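Chain residues, written in single-letter form:
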Amino acid sequence: MTRSRATRPEDPRLHVRPPSGWANDPNGPFRWRGRYHLFYQHNPAGPVHENIHWGHASSPDLVGWEHHRVALAPTPGGPDSAGCWSGCVVDDGGTPTAVYTGVDERHEGLGTICLARAADPADQLLLDWEPLPLPVLEGPPDGLDVVMFRDPFVFRHGGRRWALVGAGHADGTPSVLLYDCQDLSDWRFAGVLLDGRHPDARFPATGWECPQLFHAGRGEWVLVLSLWDGDPLRVVWLSGELRPVDGADGPGLTFGPRRSGPLDLGRDCYAPAVLQQEERALLWGWSWEARGQREVDEAGWAGVLTLPREVATHPDGALRSAPAPELVALRAGAPLVVREGATELGPVPLPSAYEVALTARGGPVLAELAGDGAGRSLALRLDPAAGEVVFTRDGWPRQRPGAEADFGPLRIPVPYPGPVSEAGALAVRVWVDGSVIEILAGDGRAMATERIYLRPDDHRALVVRAQSPAASFSARCWELGVPDRG
Ligand code: FRU
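Residues numbered from 1 in each chain as written. Predicted model: local features only at pLDDT ≥ 70, side-chain atom pairs only at ≥ 80, totals over all residues. Heavy atoms only, no water.

Draft legend 1. Local environment of the overall build of the protein chain. Of regular secondary structure, the protein chain possesses 1 helix and 34 strands. Relative to the 2.2 N^0.38 estimate, which gives 23 Å for 486 residues, the radius of gyration of the protein chain is 22 Å and therefore close to what a compact globule would have. Counting only C-alpha atoms and orienting by the principal axes, one finds that the protein chain spans roughly 70 × 45 × 45 Å. Per-residue burial for the protein chain yields a buried fraction of 60% across its 486 residues. Sequence separation of at least 24 residues holds for 58% of the intrachain contacts in the protein chain that already meet a minimum separation of 6. (Helix = DSSP H or I, 4+ residues; strand = E, 2+ residues; numbered from the N terminus. Rg over C-alpha atoms; globule rule 2.2 N^0.38 Å. Buried < 20%, exposed > 50% of the residue type's maximum accessible area, 1.4 Å probe, protein only. Contact = heavy atoms within 4.5 Å.)

Right, here's the structure in full:
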């Protein structure tokens, strides 16, 4: 289990991450025979991005995860000899099938589309996978000057099976390409679903990676795009509709955007993957390390997947996202704090994994989560009138390999449909698991993921203060842990 691998307070225990080695994108979230499976880009040999395999974990309930042996490994001399890159998993007539990007030693951003089938579909754990020796698709369509091509995502619409593939073109335009793959071994190019020349899709990127799509009810679809090559790398969502079109070689689809926005307002979440269930959609992102390579090498692992989030839309088309309700099972025992209508609280010592639910009313409220003993604190300031949460972390800069240390605070606007009055309330929920912090603000309108590494001398304690005479707050806090189901 993930929890038994923890060795230091900054190691996440509740999130899926490799026990050692490297992880990036979540891949192919999939439910099979009542069990959730989650795969991820993984180098078992060390905490660097090379020789990518598919790591594998599974869970009965989204709460406790079991690690399995790698699911996919590069095949020497095969189309994935230099890496099994991102993709998805689908039920192909009763056989779980991974549809993924193969790259070989000669690749320069163009992948092939490969399949691997579960060796024993009757096995709930899906431990063994058999790759097909040849790709089902050798590369992008001719004539479109495609220079980046990867990350197949398979979905159903109008009684047919389709796939999206992330792409970038020689003139710098990103796009999502559409295929008809009713027969998974016979792919027909069915046109461009959306590209970066669309007036509502001019995001800074030269390629769109890991396209994901889910239906949000009321005929609405949400497209999720990872903006490759941007600085910083970001993820956007677009809500809208899928419109059938008649192509020269058969039917196709285009995407008509209605609304769009950032998927995660933090600085440490990228390349998410979606699991469409009948009644909901779940999403996991990749949270990279925000510390230097020396610290990463010392830890021996890099990269963690976010908590599973339920994603949907509000009636106005804006994304709604919040950790899955199942995660309340992580609350270990009685709350550490229960306060209503308070103006001051704490210090209450905090463990290394905890959840805080805080609502500010009538004015701003400051919540400190940790201090460094020299007057600096890790803090969230909730301002209901401004509709904003500010996360300050000046004592704990973000450090990305090869980049300058970043001491900047994170501003999280919470866009309510109407103005928020001075008497209004602003609610946040915060999940901390070692070095991962995930912040949910408002009614699912803003989520933010960051990585933060406390030092041994820092103290973890919750201190909350109302910051104006009219302000008050309610607070709840729980220690988190995977329940022992014995
Ligand atoms: C996104 C990504 C994907 C690719 C994978 C390789 O982070 O670049 O486009 O398939 O990572 O690990």
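The rest of the description comes next.
Draft legend 2. Main features of the site of the ligand. Near the ligand, the surroundings consist of Asn 24, Asp 25, Gln 41, His 49, Trp 85, Ser 86, Arg 150, Asp 151, Glu 209, Tyr 270, Ala 271 and Trp 286. The side chain of Asp 151 places a nitrogen or oxygen atom 2.6 Å from an oxygen atom of the ligand. Here Glu 209 contributes a side-chain N or O atom positioned 2.6 Å from an oxygen atom of the ligand. A total of 320 Å² of accessible area belongs to the ligand in isolation, and the protein chains cover 92% of it. For the shell around the ligand, the elements supplying multiple residues, two or more each, are β1 (21-32), β5 (83-92), β9 (146-157) and β17 (270-276). When its residues are assigned to classes, the shell around the ligand shows 4 nonpolar, 4 polar and 4 charged. (Near = heavy atom within 4 Å. Polar contact = N/O pair within 3.5 Å; in protein donor to acceptor, adjacent residues only side chain to side chain. Areas by Shrake-Rupley, 256 points an atom, 1.4 Å probe, with all protein chains shown as cover. Nonpolar A, V, L, I, M, F, W, Y, C, P; charged D, E, K, R; others polar.)

Draft legend 3. View of the domain arrangement of the protein chain. By the assigned domains, the protein chain splits into domain 1 (21-327) and domain 2 (331-479). The straight-line distance from the C-alpha centre of domain 1 to that of domain 2 is 31 Å. Facing the 28 residues of domain 1 at the interface are 26 residues of domain 2. On the domain 1 side of the contact with domain 2, Leu 265, Arg 267 and Ala 290 bury the most area, a combined 30% of that side's loss. For the interface between domain 1 and domain 2, the tally reads 6 salt bridges. (Domains from an automatic or database assignment. Buried area = accessible area lost by both parts, 1.4 Å probe. Salt bridge = Lys/Arg side-chain N within 4 Å of Asp/Glu carboxyl O.)

Draft legend 4. View of the side chain of Arg 267. Considering the arrangement of structural elements, one finds Arg 267 in the loop between β16 (250-262) and β17. Look at Arg 267 and you get buried, because its relative accessible area is 14%. Reaching out from Arg 267, the side chain makes a polar contact with the backbone oxygen of Gly 408 at a distance of 3.1 Å. Arg 267 has contacts with Arg 234, Trp 288, Arg 393, Arg 398, Asp 406, Gly 408, Pro 409, Leu 410, Thr 449 and Glu 450, leaving out every residue within four places of it along the chain.

Draft legend 5. Up close: the confidence of the model for the protein chain. Mean pLDDT over the protein chain: 93, with 97% of residues reaching 70 or higher. For residues 1-6, every residue scores under 50 in pLDDT, and the model assigns this stretch 17 contacts once sequence neighbours within four places are set aside. (pLDDT = per-residue confidence, 0-100.)

Draft legend 6. Broad picture of the packing of aromatic side chains. Counted according to the given criterion, the structure contains 13 aromatic pairs. Ring geometry for Trp 22 and Trp 286: centres 6.1 Å apart, planes at 65°, overall edge-to-face. Of the two residues, Trp 22 is situated in strand β1 and Trp 286 in strand β18 (residues 281-287); the sequence distance between them amounts to 264 residues. The exposure class assigned to Trp 286 is buried, which follows from its relative accessible area of 10%. Ring geometry for Phe 39 and Trp 54: centres 5.6 Å apart, planes at 40°, overall tilted. Here Trp 54 lies in strand β3 (residues 53-59) and Phe 39 lies in strand β2 (residues 35-43), a separation of 15 residues in the sequence. Of the residues examined, Phe 39 reaches a relative accessible area of 1% and is grouped as buried. Residue Trp 54 is classed as buried on the basis of its relative accessible area of 1%. Within the aromatic cluster, the residues linked to one another by ring pairs are Trp 22, Tyr 270, Trp 286 and Trp 288. When the ring centre of Trp 301 is taken as origin, the NZ or CZ atom of Arg 17, which lies over that ring, is 4.3 Å away. (Phe/Tyr/Trp six-rings, centres within 6.5 Å; stacked < 30°, edge-to-face > 60°. Lys NZ or Arg CZ within 6 Å of the ring centre and 35° of its normal.)

Draft legend 7. Local environment of the sheet that holds β5. The 4 strands lie next to each other as β5-β6-β7-β8, forming an open sheet whose pairing is antiparallel. Edge positions in the open sheet fall to β5 and β8 (129-131), since each of these has one partner strand only. Across the sheet, the mean angle from the axis of one strand to that of its neighbour is 30°, orientation sign disregarded. Bridge count between β5 and strand β6 (residues 95-103): 9 bridges; the pairing is antiparallel. Across the sheet, residue Trp 85 finds its bridge partner in β6, namely Thr 101. (Pairing = 2+ DSSP bridges. Axes fitted to C-alpha atoms, helices over the stretch in contact; angles between N-to-C directions.)

Draft legend 8. Broad picture of the environment of Gly 333. Examined against the element boundaries, Gly 333 turns out to sit in the loop between β22 (319-323) and β23 (337-342). Take Gly 333: its relative accessible area is 58%, and that puts it in the exposed class. Residues Gly 333 and Asp 231 lie 102 residues apart in sequence; the distance between their C-alpha atoms is 42 Å.

Draft legend 9. Region of the structure containing the sheet that holds strand β31 (residues 436-441). The antiparallel open sheet is built from 6 strands, whose spatial order is β23-β34-β25-β30-β31-β32. Every interior strand has two partners, whereas the edge strands, β23 and β32 (446-451), have only one. Neighbour-to-neighbour, the strand axes of this sheet turn through a mean angle of 10°, independent of strand direction. Judged from the 9 bridges that link them, strand β25 (residues 353-361) and strand β30 (residues 425-433) form a sheet pairing that is antiparallel. Residue pairing in the sheet places Glu 355 in a bridge with Trp 431 of β30.

Draft legend 10. Layout of the pairing of β3. Most of β3 sits out of view: 7 of its 7 residues are buried. Pairing of β2 with β3 involves 7 bridges; the strand directions are antiparallel. By the bridge assignment, Leu 38 is partnered in β3 with Ala 57. For β3 and strand β4 (residues 66-72), the ladder comprises 4 bridges, and the chain directions are antiparallel. Along β4, the bridge assignment pairs Ser 58 with Glu 66. Here β3 folds back onto β4, and the loop between the two strands holds 6 residues, one of which, Leu 62, carries a positive phi near 70°.

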